[in-house]
There are 2 protein chains.
Amino acid sequence: MSATTKTTELERILAGDARAVARAISKVEDNVEGAAGLMKSIFPHTGRATVVGVTGSPGAGKSSLVDKLAMLYRSRGERVGIVCVDPSSPFSGGAILGDRIRMQTLGLDPGVFIRSMATRGHLGGLARASVDAVSILDAAGFEKIIVETVGVGQDEVEIVKAADVSVVVLVPGMGDDVQAIKAGIMEISDVFVINKADRDGVLRTEKELESLLTLAVRPDGWEPPIVKTVATESKGIDELAAAVERYRDFQREGRVSLERRASIARWRILELLRERLLARAVGGEGADAQLDALAHEVAEKRRDPYSAVDEFMDRSD
Amino acid sequence: MSATTKTTELERILAGDARAVARAISKVEDNVEGAAGLMKSIFPHTGRATVVGVTGSPGAGKSSLVDKLAMLYRSRGERVGIVCVDPSSPFSGGAILGDRIRMQTLGLDPGVFIRSMATRGHLGGLARASVDAVSILDAAGFEKIIVETVGVGQDEVEIVKAADVSVVVLVPGMGDDVQAIKAGIMEISDVFVINKADRDGVLRTEKELESLLTLAVRPDGWEPPIVKTVATESKGIDELAAAVERYRDFQREGRVSLERRASIARWRILELLRERLLARAVGGEGADAQLDALAHEVAEKRRDPYSAVDEFMDRSD
């Protein structure tokens, strides 16, 4: 690249340059100087991709399902970004454990970009960083972006809610916790998948899910379909892609209100605000040393956590 | 109760009055006026209970396991508190779905206190409220407090880390996600349980776990035991209780450093600080209306989330 054709960071991202995309995601993940500016410049170029959020309990086979869905999109000539969010993992970057298998099938394809997002530690920001990564991939021209979460905690639910289409993956015979899961994710799911549908108990799970669905009428009138898959054998993937597309069409017809998007935007603003406020509070001179001292006082039971926060806030005010 | 023997809220909690305990937990959950003062007065009375944190993926049979462990403790004459944390659930209070079954076996026993903690919405605070609930039960004289999480997200990991003894529950044959889970929870687990140990694949799961454990040497020298259980048939529960007790003894011998407790304290302070800062920022006059307006601007793509936060913070400064 000569000096006269020097391209900016933004231009390289918009051109879909994988290395520029990777660097940009690292930037927002580490929340370094310039990350906010970059995101501001990226935002106007977002909104073209279809973002598919995939959640469900560990063991449901989400990774295989996501891989097969990605391969289907690839076979149709679409570029696919995969963001894998694992709040319980201390690892970050390109290749955490499960990714090694994934990389063998998808990693060599230049039309696929895979990124794992792990915990950001006590200061938080994983949800914000994950959604920012999606925006970067969107601006970089990936037609389909799949956001996969490993867990089913609060952050993951919010991340999946922020997608255009939310897919919740269940498996037959989950036993005594299945009711609890369903209660929480019922409202966020646009498409249900029963994976490992060659197992015993699939009919029962389907019936239970159907009866729960009849109880939960959505304000937008959408009736979430139930798709049965066996991801490891590539069964049902076409049907899943079709269900995702149907909901996307439903959205495009304008039946999904501005209120849903405003609610996602509000969440993004609050996440960012929370992170900024905490960073500012603990970033001051001597703040970290004071935090440590207070933590030790609490650990030794010489002080309670509430008084410790009073003390800390008095200082930073 | 006559006027001369009028007892304070704190006295009733310390006496183990179930209604006072329930009210206190609601108070910290809703973070109402007086909640901070109450927690400050409670803190000096904590530290006597053994707090057992139980996590693992949905479907691992955690609820059954927790119930059976609670029954065992009851049979030994100990009072048991159970705090069930479900960040994906919009429900809170006494009786969410899964609890109905639980209540039939344990709920009528006055020596057992069961409480579900659900999401606190966008403003967060679930982890803080859950840990506060444990402190309240501790002060109320419950000898054993079991904190069970439904999911395995960041919050849940932190909540379980804050317990005296952390138990991670796996099941045989979890498939492709098992590696990912193990990576994240490896460092937080003091005791491993392989539940549903009458299923196929138990030996393989055990071997995988053992080989992972040989790679992860803990700084305190503790070697986390693996206990096999079939909770629904009450198998292995004695062994689980013994493993919990062994780690508790190990801690009592002083081999668990002040640093672990200081790290937990630091996390509690940060959680509380985060919540306070956000509440203060969005609690001002007109703040909510401004947030709504900004969220709509972002939803309509007239503004990016980062600029929206700049705008909001300028205002509140």
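If you're wondering where the values come from, they're calculated on a predicted model, not measured in any experiment.

**Focus: the sheet that holds strand S2 (residues 80–86) of chain A**
All names here are of chain A.
Here is step 1: Here we have seven strands laid out as an open sheet, ordered S3-S2-S4-S1-S5-S6-S7, and parallel in their pairing. Whereas interior strands pair on both sides, the edge strands pair on one side only; in this sheet they are strand S3 (112–118) and strand S7 (226–228). The mean inter-strand angle of the sheet, taken between neighbouring strand axes irrespective of direction, is 20°.
Here is step 2: Alignment of S2 against S3, held across seven bridges, turns out to be parallel. Considered in S3, the bridge of Val85 is made with Met117.

**Digging into the confidence of the model for chain A**
Residues and elements named next belong to chain A.
Here is step 1: Summarising the model, chain A shows a mean pLDDT of 83, and 82% of its residues fall at 70 or more.
Here is step 2: Within chain A, no element has a lower average pLDDT than helix H8 (residues 178–185), which sits at 53, and none a higher one than S7, at 96.
Here is step 3: Taken as a whole, residues 90–98 scores under 50 in pLDDT and shows 27 contacts with residues more than four places along the chain or in a different chain.
Here is step 4: Scoring of the predicted complex yields 0.77 for pTM and 0.82 for ipTM.

**What about the environment of A:Ala140?**
Residues and elements named next belong to chain A.
Here is step 1: Structurally, Ala140 is set in the loop between helix H6 (126–139) and strand S4 (144–149).
Here is step 2: Judged by the 25 C-beta atoms lying within 10 Å of it, Ala140 falls in the buried class.
Here is step 3: Between the C-alpha atoms of Ala140 and Ala18, which are 122 residues apart in sequence, the distance is 8.6 Å.
Here is step 4: Among all residues touching Ala140, those that are not within four sequence positions of it are Ile13, Leu14, Gly16 and Val21.

Reading the values: rules and limits
Residues numbered from 1 in each chain as written. Chains lettered and ligands numbered in written order. Predicted model: local features only at pLDDT ≥ 70, side-chain atom pairs only at ≥ 80, totals over all residues. Pairing = 2+ DSSP bridges. Helix = DSSP H or I, 4+ residues; strand = E, 2+ residues; numbered from the N terminus. Axes fitted to C-alpha atoms, helices over the stretch in contact; angles between N-to-C directions. pLDDT = per-residue confidence, 0-100. Contact = placed C-beta atoms within 7 Å. Buried ≥ 20, exposed ≤ 12 C-beta atoms within 10 Å, placed from the backbone.

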